[in-house]
Structure formats: C-alpha cells, structure tokens
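Descriptive structure summary
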Amino acid sequence: MSGKKTAGERNLMFFSGRAHPELADEVAANLAVEITPTALRDFANGEIYVRYLESVRGCDAFVMQSHTAPINKWIMEQLIMVDALKRASAKRITVIMPFFGYARQDKKGRGREPITARLMADMFKQAGADRLMSIDLHTSQIQGFFDGPVDHLFAMPVLINYLRGKLDPATTTIVSPDTGRVRLAERWADSLGTPVAFIHKRRDLDVANQVKVHEVVGKVSGRTCVLIDDMIDTGGSICKAADALYEHGATDVIVAATHAVFSDPAVDRLKNSRISEVVVTNTLPIPEEKRFDSLTVMSIAPLIARAITEVFTDGSVTSLFEGDS
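Residues numbered from 1 in each chain as written. Predicted model: local features only at pLDDT ≥ 70, side-chain atom pairs only at ≥ 80, totals over all residues. Heavy atoms only, no water.

1. Some words on unusual backbone geometry
Going from Ala-69 to Pro-70, the amide bond is cis rather than trans, its omega being -5°. If you trace the backbone, Pro-70 turns up in the loop between strand S5 (60–64) and helix H2 (71–87). At the junction of Asp-264 and Pro-265, the peptide bond is cis and its omega measures out at 5° in the coordinates. Tracing the backbone through its elements, the reader meets Pro-265 in the loop between strand S13 (252–260) and helix H7 (266–271). Phi at Arg-112 takes a positive value of approximately 65°, unusual for a residue other than glycine. Looking at where Arg-112 falls in the secondary structure, it is placed in the loop between strand S6 (92–97) and helix H3 (116–127). The exposed category is assigned to Arg-112, whose relative accessible area is 83%. Of note in this structure, Asp-136 is not a glycine but carries a positive phi near 45°. Of note, Asp-136 is situated in the loop between strand S7 (131–135) and strand S8 (150–153). (Helix = DSSP H or I, 4+ residues; strand = E, 2+ residues; numbered from the N terminus. Buried < 20%, exposed > 50% of the residue type's maximum accessible area, 1.4 Å probe, protein only.)

Here is the structure:
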C-alpha cells in the first residue's frame, strides 16, 4: 500500500502524470512515500485513459503534473486524473502544477481575447480539485481565479541559496526585465543586500515573443547584474535584456528563472548570448538536447515536498517563505 498515514488515520497519497516522472520521483523520495500505481495510457485516437490500481477512498490526494510540451495533452491528463479521484471518493484533492499552463493569458489586453488562466482554474475546480499548488505564477492575481485555497510557492529561496556564494553584494545589482517583476526584484535585493534596476520594454502586440528593449533604469555600470524572471520561453526577451545591460556598462550578466520552457530557438539564443550563466529549476523537464554548458538546474522537489507536508498536516505553507507567501 503506497502513501502515508498519520496517527489519526489520515492517508496521504501522491500521484503523478507522465509529463515529468523525474521530478515526481524526487518529490516522492523527499516525502518518503511511493507514487501511487496508476494505469495511464493513450488510445489510438489520442484519448487518455486513467485508472488507479489501489483504493483511494478517503485519502488526501496530491496530484502532480508539469504542464510541458505537448502542454494540452498533459493538462488534459491531469484533469482526467482529478476526475477519477473524485469519482473514487478521495476525501481532498490537491492539484500540483509546478508550472501553471496558460498563466500568461491572465487578462484581456485587447477586445475579443480570452482569459485562459481563469478557464484553467475553472476546469480544475469542475473536475474536483479542492486546492491548487503552483510555483511562481506569472501574476499573483491568478490565485483569485480559483474558488478555493491556492498555495503560491516561490523558487526564490532555492535560486538565492545557490547564487549567494557566487555574488558580492557590493558589486551586484538585481535586475527586473520589465516593470512587472520589480516587486520580485526588490525581494531578491532585500535578501542579498543589493540595489535594484529594471528594464523598460514594449511588446509588439501583433507578434508573439517579440520585444523591443528601451532603456535601463538603475545602477548597472561596472556591476554584476542578475536578471530574474518567472520563465524563459523563446529566450528573446532575456537575451535582449542582457545585451541592454552590457551596453550600459555591466561587467557580467547572470540569469535566474524558475521555469525553463525553452521553446525553440531559446537554447541557441542562450548558448550564443553574452550571458555567463543561466540558473533555472526543474519545474519543467529539460531534456539533454536542451542543456548547455552555462546552464545550472536546481531541484524544486524539496520545496514541493515540504509544502505537501504542511498542507497534509494542516501546517503553514507561508512559514516556508518567512511570511512572503
């Protein structure tokens, strides 16, 4: 029997889809539980079949899936897993999505656009989710799209713990790649004792992933700059931001991001850029062909496992971030 029971016979069961088995194995090892055996397969026409091979009645179910490519398939698989748990009488269902698919579509920028992040939250609620857990949402407002508890975890402590020993606060500046990340940059700066800068940019609303960098605001000349962001998709924005920093006198640029989406041509752009190191987490799988010499991947599994434990024992997820969550 997989899972973990408390003295009061509460039963934690951990489930994973097929998108990122390596992360699931790490989380399970940190929890000291086994991943609940599950039959997951595709029919010839692409439909997904799910069946749990153990009883889940009355359990606290934690269902993890990384929304990686092909993103729609893995979202659908997680929805079906949640529906199966609900129909099998799981007591409480927590959906863990380390990377929240469609999070960038969180508002209407122009007429006749959808708010797909809200649709995502609605679908998981309808499927039977009682709680959502995600890491570094694109915007915090997404928490309000779900009618229930949302645990918004932060990768910042994981990334900072790695970078702290490599940086001299006296010559380091934390840089936000746009005005939307300034608050996060301030948290980084408070933790490391460094100043903050940001880059003013404007997107072309008619062309996806196209950004024009305008100007750098803040002290970057003669300094090591740490560019922070929630994700790297095609790499265009972050590489242009790094170029702008070098043009304004930065001596070194390090990039730290949570989600390594790495859609083509991100890897080529990053490998051929002047960025000295790219530090990311493993919220999404990064196959060998998308790894390069200057890439450092930090494991997010211990953080997810600690958050699951706090939720299961009715503890405080906020305590993991010293009041920042």
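2. Focus: the packing of helix H4 (residues 156–163) against helix H5 (residues 182–192)
Across the interface, H4 lies against H5 with an axial gap of 11 Å and an inter-helix angle of 45°. It follows that H4 is oblique to H5 by the angle criterion. The two elements H4 and H5 cross, and the hand of that crossing is right-handed. Contact residues: Met-156, Leu-159, Ile-160 and Leu-163 in H4; Leu-184, Arg-187, Trp-188, Ser-191 and Leu-192 in H5. Its residues assigned to classes, the contact of H4 with H5 comprises 7 nonpolar, 1 polar and 1 charged. (Axes fitted to C-alpha atoms, helices over the stretch in contact; angles between N-to-C directions. Parallel < 35°, antiparallel > 145°, perpendicular 65-115°, else oblique. Left-handed = near helix turned anticlockwise from the far one by under 90°. Contact = heavy atoms within 4.5 Å. Nonpolar A, V, L, I, M, F, W, Y, C, P; charged D, E, K, R; others polar.)

3. Quick notes on helix H1 (residues 21–31)
Burial in H1 covers these residues: Leu-23, Ala-24, Val-27, Ala-28 and Leu-31. Buried residues of H1, viewed axially, fall in a sector of 135°; they line one side. One or two positions beyond H1, positive phi appears at Ala-32, with a value near 60°. (Arc of directions from axis to C-beta.)

4. Here's the deal with the packing of H2 against H3
Here H2 crosses H3 at 25°, and the two axes come no closer than 8 Å. It follows that H2 is roughly parallel to H3 by the angle criterion. Between H2, through Ile-75, Gln-78, Leu-79, Val-82, Asp-83 and Lys-86, and H3, the contact on the second element is made entirely by Met-120, Met-123, Phe-124, Gln-126 and Ala-127. Taken together, the residues that form the contact of H2 with H3 break down as 7 nonpolar, 2 polar and 2 charged.

5. Topic: the packing of aromatic side chains
Per the stated rule, a full pass over the model turns up 4 aromatic pairs. Between Phe-15 and Tyr-52, the ring centres sit 4.9 Å apart and the planes meet at 65°, which makes this aromatic pair edge-to-face. Placement of Phe-15 in strand S2 (residues 11–16) and of Tyr-52 in strand S4 (residues 48–52) is noted, with a sequence separation of 37 residues between them. Ring geometry for Phe-262 and Phe-292: centres 6.2 Å apart, planes at 40°, overall tilted. Taken together, the residues Phe-262 in the loop between S13 and H7 and Phe-292 in the loop between strand S14 (277–281) and strand S15 (295–298) connect sequence positions 30 residues apart. By the burial criterion, Phe-262 is buried, and Phe-292 matches it. Positioned above the aromatic ring of Phe-154 is the side chain of Arg-187, whose terminal nitrogen or guanidinium carbon lies 5.1 Å from the ring centre. Sitting above the plane of the Tyr-246 ring, Arg-274 keeps its charged end 4.0 Å from the centroid. (Phe/Tyr/Trp six-rings, centres within 6.5 Å; stacked < 30°, edge-to-face > 60°. Lys NZ or Arg CZ within 6 Å of the ring centre and 35° of its normal.)

6. Things to note about the pairing of S4
Of the two faces of S4, only one is covered, namely that formed by Ile-48, Val-50 and Tyr-52; the face formed by Tyr-49 and Arg-51 stays uncovered. Note that strand S3 (residues 38–42) and S4 share 5 bridges and pair antiparallel. Paired with Thr-38 across the strands is Tyr-52, a residue of S4. If you look at the hairpin formed by S3 and S4, you'll find 5 residues sitting between the two strands, and Gly-46 has a positive phi there, around 100°. (Pairing = 2+ DSSP bridges.)

7. Some thoughts on the environment of Pro-177
Tracing the backbone shows Pro-177 in the loop between strand S9 (172–176) and H5. Overall, the relative accessible area of 3% leaves Pro-177 in the buried class. Along the primary structure Pro-177 and Ile-238 are separated by 61 residues, whereas in three dimensions their C-alpha atoms are 7.1 Å apart. Setting aside residues no more than four positions away along its own chain, Pro-177 makes contact with Ile-199, Lys-201, Leu-227, Ile-228 and Asp-229.

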